[in-house]
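# Geometric and topological summary
Take a look at the letters that make up each chain.
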Amino acid sequence: MSNHLPRKKARVSRLDDDETSMKSRLLNPLQKQREQLPIARGREALIREIQQNDTTILLGETGSGKTTRAFVSHHATAFAPHDSTLSTEVPQYILESGIAGKGMIAVTQPRRVAATSLAARVAAEKNVTVGGLVGYSVRFDEASSSETRIKYVSDGMLVRELLSDQLLSRYSVIIVDEAHERTLRTDFLIANLKTIQSARNSRRDVNGKGKSPASALNPLKLIIMSATLDAEKFSRFYNNARILYVKGRQHPVQIFHTSTSQTDYVDAALRTFFQIHTDKPPGDVLIFLPGQEDIESLEKSIKMYARRLPEERMSVLVCPMYAALPPTQQARIFSSTPSNTRKCILATNIAETSITIPGIKYVIDTGKCKEKRYLSKDTGGGFDTLLTRDITKSSAMQRAGRAGREGPGFCFRLYTEDAFNAMALSAEPEIRRCSLTQSVLQLKCLGQDFEAVDFMDPPEIGSVMSALKTLWLLGALDNSKTLTALGRQMASFPVEPYFARIILASKTHGCTSEVIDIVSILSSSSSLFLDISDQRDAIADARSKFRHASGDHMTMLNALRAYQEIAASESKGARKDWCRQHFVNERTFVEAMKIRDQLRQTCQRVGIDRHASMADNEEPVLRCFVTGLVQQSAFLQPDGTYKQTLGHSVIKIHPGSTLCDKKVPAIIYDELVYTSQIYARDVSSVPKSFFSNVTPVAKEA
DNA sequence: GAGCACTGC
């Protein structure tokens, strides 16, 4: 195996040492560092290419190859992701060259932390403060001004901007970074940017060279930045755009595969870890596992065997890492490793893209991950699945690269080289496996039909149909699939359409204050109630203080009210203690309160009184939830399971719910996920009588 | 009887 890059030589330019035209000038240390980067040598060529082409595909090459014979199995060439050099350098080159004219340069990112930290780094390199020449804009946080020329934005933020300015006319250059991740929002932008570019750039031709500038639109340049693998596809989509290939900066990583396939990857990881620990020089180990359950089990085994090691050996420090872990425990992975100790980090793919852990020299890759995927009705589903599956080649390369951030490293893959070769090139784009309800609604607001849009990968038609049906059931679309006034209002709320519908229903029922409190918790990225498997009894006990007989929604409201009382009277430390004692995630409360502010503002704009309250009467609140959760309801059957009211699946209440084992006649729930069974999560009990006439338009099964 | 990771005027 030598190179996965499926490139056609003719259209690919390599930016190499032949271009070295940096002028010497007074530099701050960061600027000096900039000039030594490999990409700096191709700067002039890069600028020329971008100048000459409307769209440029920029490929971050990934690592220098070093082939070594493995002692247990086959050998392989190292690959690794490009570091963030391209993301910080290219916007600066464009600004310095004047390509952007008077317009702004936008750089989109799939994650908000990336947008804010890249902006901070570029501002530091340019010796300016963030929010001036260089700024960012993400949800809840913005630093930009009239002087801002380079703006790092989350992809969702640019989608929001698109809804108010359909031509994105403030920007003369838009850089779509991390395009290979193919998030739903990135694909949404890639499709719309193609149309916008053709509208803006063709009018330039009509108006001609400098004539009638008042009516001319500023042309739009696009740069799509991606890690190797699917550059050709981006190029084809943008009318065979030029692909430029930029060499990366990465230490070599030796990759080992197993000679036979492993049946128990947790056990294989355990054995491989101790092999490294006994045979290899110091350096921390990162093990990629699919989820919390495997992480907890491996943590136990490693600790057990580590205790049996001879005294004189290096000791082992095990650090679990996954998104649901409380922040205090997450922080442990960044603390420096004590002397004579080897740190062993057990992580989900949170460590693949979202966080970079220092000091990693060895990576153990189980080759597995969990993936959420919507299983459509016509394939026997109608719910999300969350199942363990094989990773992709891109993912395997990304994981290996984590060993080569600071020096040469090693990656031990717990699968054969044949298994690697059989992996899919990259993950299926989100647009083909996620709910499209919100995107369909957003496009309706732009006057477009999802079916008619030229996407790089078109969604499954069944997926579009089910989104249309949901929007119709919620009253966002009428019988002729036309956007209703209600639908337009729903789109103005930065939450899932069914949550927006619940908020709008609260106007009728006079309980907006309570509904917004609950919806803001439900829309937070992390869950409110912690789940630590060996403390589940203590957790259930602590939670009983908030328990509301109707179920999880009102229980969350009670928890939020209790937290606010503590927050109003106690110190920050006491607040944290209280959260720890009650096994609630304070981060969720903090995020929920930011979301609540946004929802309150939106209510004000669309004329809903956000103060309207029914105090402790839960009935109107539950009626609002029934309105938005029409499709997410089920009735009890004689055998104790539940059957969907609009669907045929048999479901169970998740064991984490306050209603588990309660056998109430009818339930509503926020989501349905198939893991070992089909579980309903965040469940409330409602009278069956609530289900008649819940929506203004729809009444069919 | 138990949840991969992100995001949003």
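Structure: see above.
Anyway, here's the lowdown on the structure attached to this text. Small disclaimer: the values here were computed from a predicted structure and weren't measured. (Residues numbered from 1 in each chain as written. Chains lettered and ligands numbered in written order. Predicted model: local features only at pLDDT ≥ 70, side-chain atom pairs only at ≥ 80, totals over all residues. Heavy atoms only, no water.)

### Quick word on helix α19 (residues 536–543)
Each full turn of the α-helix corresponds to 3.6 residues, which orients residues three or four apart in the same direction. For clarity, the cut-off: Summary of the burial criterion: residues with accessible area below 20% of their type's maximum are buried, those above 50% are exposed, and those between are partly exposed, where the area comes from a 1.4 Å probe applied to protein chains only. By the criteria applied, helices consist of DSSP H or I runs no shorter than four residues and strands consist of E runs no shorter than two, each listed in order from the N terminus. The directions considered for the arc run from the helix axis to the C-beta atoms. Residues count as neighbours in contact if any of their non-hydrogen atoms are within 4.5 Å of one another.
Considered for burial, the residues of α19 that qualify are Ile 539, Ala 542 and Arg 543. With its buried residues spanning 95 degrees around the axis, α19 presents them on a single face. Seen from the buried face of α19, the exposed residues on the opposite side, beyond 90 degrees, are Asp 537 and Asp 541. In this fold, the buried residues of α19 make contact with α21 (572–581).

### Remarks on the pairing of strand β21 (residues 666–674)
The line we're drawing: For two strands to pair, DSSP has to find at least two bridges joining them.
Across the 9 residues of β21, 7 count as buried, placing the element largely inside the fold. Alignment of strand β16 (residues 383–390) against β21, held across 2 bridges, turns out to be parallel. Its bridge partner lying in β21, Thr 385 is registered against Tyr 674. Bridging between strand β18 (residues 633–636) and β21 involves 3 bridges; their strand directions are antiparallel. Counterpart to Ser 633 in the pairing with β21 is Ile 668. Here β21 runs beside strand β22 (residues 678–685); their pairing, made up of 7 bridges, is antiparallel. Counterpart to Tyr 669 in the pairing with β22 is Val 683. Between β21 and β22, which pair antiparallel one after the other, the connecting turn spans 3 residues.

### Some points on the protein's contact with DNA strand B
Heads up, the rule is: Throughout, the term near means that a residue has one or more heavy atoms lying within 4 Å of the molecule or strand in question. N or O atoms within 3.5 Å of each other form a polar contact, as long as, within protein, one can give a hydrogen and the other can take it, and as long as residues adjacent in sequence are counted only when both atoms are side-chain atoms. Residues are grouped as follows: nonpolar covers Ala, Val, Leu, Ile, Met, Phe, Trp, Tyr, Cys and Pro; charged covers Asp, Glu, Lys and Arg; every other residue, Gly included, is treated as polar.
Surveying the vicinity of DNA strand B reveals 38 residues, the closest of which are Met 157, Ser 164, Lys 370, Gln 438 and Arg 681. The share of sugar and phosphate among atoms of DNA strand B within 4 Å of the protein is 53%. One of the backbone nitrogen or oxygen atoms of Gln 292 is found 3.0 Å away from a phosphate oxygen of DNA strand B. Note that a phosphate oxygen of DNA strand B is positioned 3.0 Å from one of the side-chain N or O atoms of Thr 348. Secondary-structure elements contributing two or more residues to the surface near DNA strand B are α5 (155–164), β15 (368–375) and β22. Residue contributions to the surface near DNA strand B peak at 4 residues, all from α5. Here the surface near DNA strand B is composed, by residue class, of 12 nonpolar, 14 polar and 12 charged.

### Side note on the packing of aromatic side chains
Stated formally: For Phe, Tyr and Trp, rings pair up if their centres lie within 6.5 Å, where Trp contributes its six-membered ring, and each pair is then called stacked (planes under 30 degrees apart), edge-to-face (over 60) or tilted (otherwise). Only Lys NZ and Arg CZ are tested; either one counts as a charge over a ring when it is within 6 Å of the ring centre and within 35 degrees of the ring normal.
Taken as a whole and judged by the stated rule, the model has 13 aromatic pairs. Where Phe 383 meets Tyr 674, the ring centres are 6.2 Å apart and the plane angle is 45 degrees; that geometry is what we call tilted. Of this pair, Phe 383 sits in strand β16 while Tyr 674 sits in strand β21, and the two are 291 residues apart along the sequence. Overall, the relative accessible area of 6% leaves Phe 383 in the buried class. Taking the ring centre of Phe 237 as reference, the NZ or CZ of Lys 194 above it sits at 4.1 Å. Sitting above the plane of the Phe 635 ring, Lys 688 keeps its charged end 4.5 Å from the centroid.

### Some words on the sheet that holds strand β17 (residues 409–413)
Under the convention used in this document: Axes here mean lines fitted to C-alpha atoms, for a helix over just the part in contact, with angles spanning 0 to 180 degrees between N-to-C directions.
Spatial strand order, β10-β17-β14-β11-β13-β12: 6 strands in an open sheet with parallel pairing. With one partner strand each, in any of the chains shown, β10 (253–257) and β12 (315–321) form the two edges of the open sheet. The average angle at which neighbouring strand axes cross in this sheet is 20 degrees, direction not considered. When strand β14 (residues 360–365) meets β17, the two strands line up parallel, connected through 4 bridges. Residue pairing for β17: Ile 364 is matched across the bridge by Phe 412. Along the sheet, helix α9 (residues 292–307) contacts β11 (284–288), β12 and β13 (341–347); its crossing angle with β12, the most-contacted strand, is approximately 175 degrees.

No statement about biological role is implied by the geometric values presented.
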